[in-house]
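Inside the fold
Here is what each chain is made of, one letter per residue.
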Amino acid sequence: MALFLSLLLILLFPSTNAAWPPSPGYWPSSKFRPMSFHKGFKILWGPAHQSVHHNALTIWLDKTSGSGFKSVRPFRSGYFGASIKVQPGYTAGVITAFYLSNNEAHPGFHDEVDIEFLGTTYGKPYTLQTNVYIRGSGDGKIIGREMKFHLWFDPTQDFHHYAIFWKPKEIIFLVDDVPIRRYPRKSAATFPLRPMWVYGSIWDASSWATEDGKYKADYKYQPFVAEYNNFKASGCTAYAPAWCRPVSVSPSRSGGLTRQQRAAMRWVQRYHMVYNYCRDPKRNHALTPECRS
């Protein structure tokens, strides 16, 4: 019995020397067809800082401009993913993002769900930041719900798939089909429910992106380049009939994460999460009631 329990603990809680997460047992990215960039997206800003070749998008930032793109259609639920490779070397102050937002429809009062690469300095890993805003604004009063990770691989060496799964009861962030964060709906006040578009961008966020603004973008290293391909956006659009059923990222009938997927997520959060807003004593948690539940 003691040997059995020891083996069970090893399987559920691998040692810190483990190089890769436990298998999630299910690969939702394989269930959704990739789409043509030009079919699913349009240039939002910085058209001179974008190029598309064989359905792969390259965007870049220099001292004149960054660049961004936006989905043609808004969605009210779905699976949204892209394979991304970011630039190595000194990228402090630079944000490479893939996210959902309705900021253009609700300026100053928008919802947003973010995957962001926070630029870094030589010898330090990229930080992958996930975030959720509900009816926020950009005027300094916005309430972020950040969880940050140092990935178990180098995101500059190859493409990896990053995805946001959003349905009316939960948001799940995935990296290479491994769930890294689940944000459940606790109340209508703490969950984005209005339709959102899919966005991607690269831009200068020197005031906060790298160690709270300690290191700024240095344009002697320009251009700062990000590459995207394997775009996926599948779900209920804002124009779909009411009976449209949200897609799933698990094989279970309920659509919730399986035990194996949850074990993989616990591993990532135990060994690779470097910041959790709910555990930050400097935060006013009266503004984030979901941390107390």
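Residues numbered from 1 in each chain as written. Predicted model: local features only at pLDDT ≥ 70, side-chain atom pairs only at ≥ 80, totals over all residues. Heavy atoms only, no water.

**Let's talk about the overall build of the protein chain**
Which entries qualify depends on this criterion: Segments assigned H or I by DSSP are reported as helices when at least four residues long, segments assigned E as strands when at least two residues long, and all are numbered from the N terminus. Throughout, radius of gyration means the C-alpha value; the globule benchmark is 2.2 Å times the number of residues raised to the power 0.38. Using a 1.4 Å probe on the protein chains alone, a residue whose accessible area is under 20% of its type maximum counts as buried, one over 50% counts as exposed, and one in between counts as partly exposed. The contact criterion used is simple: two residues touch if any of their non-hydrogen atoms lie within 4.5 Å. All accessibility values rest on the Shrake-Rupley procedure with a 1.4 Å probe; residue burial counts only the protein chains present in the view.
Secondary structure assignment for the protein chain yields 3 helices and 15 strands. In terms of C-alpha radius of gyration, the protein chain reaches 19 Å, essentially the compact-globule figure of 19 Å for 293 residues. Burial statistics for the protein chain: of 293 residues in total, 51% are counted as buried. Pairs at least 24 apart in sequence give 70% of the contacts found in the protein chain among residues at least 6 apart. On the protein chain, roughly 14,200 Å² of surface is accessible, and the fraction owed to carbon and sulfur atoms is 56%.

**Observations concerning the UniProt feature "active site" (unreviewed entry) in the protein chain**
Defined as follows: UniProt positions are given in the numbering used here, feature names are shortened, and annotations may be inferred rather than shown by experiment. Under the rule applied, a polar contact is a pair of N or O atoms within 3.5 Å (in protein, one hydrogen donor and one hydrogen acceptor; residues adjacent in sequence only if both atoms are side-chain atoms).
Per the UniProt record, "active site" (unreviewed entry) is annotated on Glu 112 and Glu 116. Excluding anything up to four places from it in sequence, Glu 112 contacts Tyr 99, Leu 100, Ser 101, Asn 131, Val 132, Tyr 133 and Met 196. Reaching out from Glu 112, the side chain makes a polar contact with the side chain of His 110 at a distance of 3.0 Å. Mapping Glu 116 onto the fold places it in strand E7 (residues 110–118). Taking relative accessible area as the criterion, Glu 116 reaches 6% and is therefore assigned buried. With near-sequence residues (within four places) excluded, Glu 116 lies in contact with Ile 95, Thr 96, Ala 97, Thr 127, Leu 128, Gln 129 and Trp 208.

**Looking at the side chain of Thr 156**
One can find Thr 156 in the loop between strand E9 (147–149) and strand E10 (160–167). At 2.7 Å, the side chain of Thr 156 and the side chain of Asp 154 are in polar contact. Polar contacts involving the side chain of Thr 156 include one to the side chain of Gln 157, which spans 3.2 Å. Residues within four places of Thr 156 in sequence aside, it is in contact with Lys 85, Val 86, Gln 87, Pro 88 and Tyr 126.

**What to know about the environment of Thr 210**
Mapped onto the secondary structure, Thr 210 falls in the loop between strand E13 (197–204) and strand E14 (224–237). For Thr 210, a relative accessible area of 4% gives the class buried. Each C-alpha atom of the pair Thr 210 and Trp 27 lies 32 Å from the other, and the pair is 183 residues apart in sequence. In contact with Thr 210, other than residues within four places in its own chain, are Ala 92, Gly 93, Gly 119, Thr 120 and Tyr 215. At 2.8 Å, the side chain of Thr 210 and the backbone nitrogen of Gly 93 are in polar contact.

**Focus on helix H3 (residues 259–271)**
Here is the rule we go by: Take the residue count of a helix, subtract one, and multiply by 1.5 Å to get its expected span.
Here H3 spans 18 Å end to end across 13 residues, near enough to the 18 Å set by a 1.5 Å rise per residue. Within H3, burial applies to Gln 261, Ala 263, Ala 264, Met 265, Trp 267 and Val 268. In the core, the buried residues of H3 are packed alongside E9, strand E12 (178–184) and strand E15 (273–276).

**Here we look at the state of the cysteines**
Rule in force here: For this text, the term disulfide refers to a pair of cysteine sulfurs within 2.5 Å.
A full pass over the atoms with the stated rule returns 2 disulfides. Sulfur-sulfur distance for the disulfide between Cys 236 and Cys 244 comes to 2.1 Å. Between Cys 236 and Cys 244, the S-S torsion sits near -95°, and that sign places the bridge as left-handed. Residue Cys 236 is classed as buried on the basis of its relative accessible area, which comes to 1%. Here Cys 278 pairs with Cys 291 through a disulfide, and the sulfurs are 2.0 Å apart. The chirality of the disulfide connecting Cys 278 with Cys 291 is left-handed, given an S-S dihedral of about -75°. Placement of Cys 278 in the segment after E15 and of Cys 291 in the segment after E15 is noted, with a sequence separation of 13 residues between them. On the accessibility criterion, Cys 278 (28% relative accessible area) is partly exposed. If one numbers only the bonded cysteines of the protein chain, in the order they occur, the disulfide pattern is 1-2, 3-4.

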